[in-house]
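Understanding the architecture of this molecule
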Amino acid sequence: MKAAVTRGEQRIEIEDVPTPEPGPDQVLVKIKYSGLCGSDVHRFQYGMAQPGSIMGHEFCGEIAATGANVTSWKEGDRLVGGGGSNPDGIPRASSSARYSAQTVGFKSPGWGGFAEYAVMDAWRPLRLPDNVSWETAVLTEPCAIAVHAVRRSAFRVGDQVVVMGAGPIGLLTQQVLQAGGARAVYVSEPAPARAEAARKLGATEVFDPTKTDIVSTIVELSEGLGVPLAFDCAAAKPTLQQGLEMVRRGGEVTLISMAWEDVPLLTVEWIGREVDMKASYGSTPEDWQIVISLMEQGKIDSGPMVDQNSFIGFDDMQATLTRLMTPQDDIQSVLVP
Ligand SMILES: [Zn+2]
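Rules used in this analysis
Residues numbered from 1 in each chain as written. Predicted model: local features only at pLDDT ≥ 70, side-chain atom pairs only at ≥ 80, totals over all residues. Core = buried A, V, L, I, M, F, W, Y, C linked by C-beta atoms within 7 Å. Buried ≥ 20, exposed ≤ 12 C-beta atoms within 10 Å, placed from the backbone. Domains from an automatic or database assignment. Contact = placed C-beta atoms within 7 Å. pLDDT = per-residue confidence, 0-100. Helix = DSSP H or I, 4+ residues; strand = E, 2+ residues; numbered from the N terminus. Axes fitted to C-alpha atoms, helices over the stretch in contact; angles between N-to-C directions. Parallel < 35°, antiparallel > 145°, perpendicular 65-115°, else oblique. Left-handed = near helix turned anticlockwise from the far one by under 90°. Nonpolar A, V, L, I, M, F, W, Y, C, P; charged D, E, K, R; others polar. Pairing = 2+ DSSP bridges. Expected span 1.5 Å × (residues − 1).

Further remarks concern the nonpolar core. Core analysis: the biggest nonpolar cluster contains 95 residues, and Val29, Ala146, Val161, Val162, Ala230, Phe231 and Val291 have the highest contact counts within it. The two domains that each donate at least three residues to this core are domain 1 (2-141 + 283-335) and domain 2 (154-279). Those residues within four positions of Phe231 in sequence are excluded, and the remaining contacts are Ala149, Val161, Val163, Met164, Thr173, Thr254 and Ile256.

Pasting the structure below:
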């Protein structure tokens, strides 16, 4: 089969590798779509992926073959490549951690979505409802990140909220907040195509923070108090400070995106309002199940996020990962293996 194999820092080679064979408790997945994640870009950019490994953890596809002991799946079943619960439970070594070892985060195993096929333990994928399109299904993993963040936050129905950054995670966080009954979702995003996607997805208003004083605008829109919640999905230099300044007394900023550089903070601007800062990372099987249910109910719209401009072939992988190191107007890139 064809696969995009990591061959060093900022180097991906398209190679013919043996198609993996499922073990007795495993399934072979024929990959339909495989999303390029910001974390894949970081692994590529900083040489963090093991040479010889195949990245990609945001994929959907069909069962191509099952191992001898597998009764839960049959050939042709549609699935998303993750989110299942490990039947062996939480390994003891990690049970003291606040989150279980099932939390899928930055160190997710190389499941190898950037290939024609992938092998997985049969418990790992989740079944895809018939009415969920492949274009929507490929967003399941990043949407689970958004669900995890919103559920970790102090969000309540009727809140006015701000999402900073309208990349895939920002656009999905926006949709989860809308599905959860936000009174208003304001989005801050300088890139025109991303801002447009946020608008199409129903943002109350979208602001360009390079042209608008975003903090005073948000404070004005929230009766001079500031909003109760802001979500940082940008990891741009100014966004964390802006978020801390735009929330009200006792408000909260949830940090989803990871900055790989120093971020300047001026505490005097917000410490007096006793603002909380919360980190959100990865997702749990429960988050994935919530996503599948939201998608089944039509609450997640992939239309403005995954379209003809999103799809790339193996031959575009090197160039696309390189370009995404400094994303501009890209929204979601998807490998069609
Ligand atoms: Zn991801």
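For the rest of this paragraph, the subject is the confidence of the model for the protein chain. Of the residues in the protein chain, 93% have a pLDDT of 70 or more, and the chain-wide mean is 92. Here residues 92-109 scores under 50 on pLDDT; set against residues more than four positions off or in separate chains, the count is 23 contacts.

Let us look at unusual backbone geometry. Phi is positive for Gln10, close to 55°, though the residue is something other than glycine. Within the fold, Gln10 resides in the loop between β1 (2-6) and β2 (12-16). A positive phi angle, near 55°, is found at Ala235, a position not held by glycine. Within the secondary structure, Ala235 sits in the loop between β11 (227-232) and α7 (239-246).

Here we take up the packing of helix α3 (residues 140-152) against helix α8 (residues 285-296). Orientation of α3 relative to α8, taken along the N-to-C sense of each, is 110°, at an axis distance of 8 Å. On the basis of their axis angle, the class for α3 and α8 is roughly perpendicular. Here α3 runs over α8; the crossing is right-handed. Judged by residue contacts, Thr140, Cys143, Ala144, Val147 and His148 of α3 engage Asp287, Trp288, Ile290, Val291 and Ile292 from α8. For the contact of α3 with α8, the per-class residue count stands at seven nonpolar, two polar and one charged.

Within the open sheet, the six strands sit side by side as β10-β9-β8-β11-β12-β13. Their pairing is parallel. Two strands close off the open sheet at either side, each with one partner strand: β10 (205-207) and β13 (276-279). In this sheet, neighbouring strand axes are inclined to one another by 20° on average, regardless of whether the strands run parallel or antiparallel. With five bridges joining them, β11 and strand β12 (residues 247-255) adopt parallel strand pairing. Bridging across to β12, Ala230 finds its partner in Val253.

As assigned here, the protein chain comprises domain 1 (2-141 + 283-335) and domain 2 (154-279). Centre-to-centre, using C-alpha coordinates, domain 1 lies 28 Å away from domain 2. Residue classes in the side of domain 1 that touches domain 2 are distributed as seven nonpolar, three polar and three charged.

Turning next to helix α4 (residues 168-179). For α4, spanning 12 residues, the distance from its first C-alpha to its last is 16 Å, which sits close to the expected 16 Å at 1.5 Å a residue. With respect to burial, α4 is a largely interior element, 10 of its 12 residues being buried. Taken as a whole, α4 has its buried residues at Pro168, Ile169, Gly170, Leu171, Leu172, Thr173, Gln174, Gln175, Val176 and Leu177. Elements that come into contact with the buried residues of α4 comprise α3, β8 (160-164), β9 (184-188), α5 (192-200) and β11. Positioned one or two residues after α4, Gly181 has a phi angle of 95°, which is positive.

Once that is clear, we can look at α8. Residues that lie three or four places apart on an α-helix share one face, since the helix turns once every 3.6 residues. Here α8 contains 12 residues, and its C-alpha end-to-end distance of 17 Å stays within 8% of the 16 Å for a straight helix at 1.5 Å per residue. Within α8, the full set of buried residues consists of Pro285, Asp287, Trp288, Ile290, Val291, Ile292, Leu294 and Met295. At its buried positions, α8 is contacted by β7 (126-127), α2 (134-137), α3 and α4.

We now examine the packing of helix α6 (residues 214-221) against α7. For the pair α6 and α7, interaxial distance at closest approach is 9 Å and the crossing angle is 25°. Here α6 is positioned roughly parallel relative to α7, judged by the angle of their axes. Of the two elements, α6 crosses α7, and the hand of that crossing is right-handed. Across from Ile214, Val215, Ile218 and Val219 in α6, the residues of α7 making contact are Gln242, Glu245 and Met246. When its residues are assigned to classes, the contact of α6 with α7 shows five nonpolar, one polar and one charged.

Right, let's get into the environment of Glu269. Within the secondary structure layout, Glu269 lies in the loop between β12 and β13. The class for Glu269 is partly exposed, based on 14 C-beta atoms found within 10 Å.

This paragraph deals with the pairing of strand β3 (residues 26-35). In terms of burial, β3 is a largely internal element, eight of the 10 residues being buried. Examined bridge by bridge, β3 and strand β6 (residues 117-121) share five bridges and lie antiparallel to one another. Bridge pairing in β6 places Val27 opposite Met120. Here β3 runs beside strand β4 (residues 58-66); their pairing, made up of eight bridges, is antiparallel. Paired with Ile31 across the bridge in β4 is Gly61. Across two bridges, β3 lies against strand β15 (residues 334-335) in antiparallel orientation. Bridging from a neighbouring strand, Gly35 pairs with Val334 of β15.

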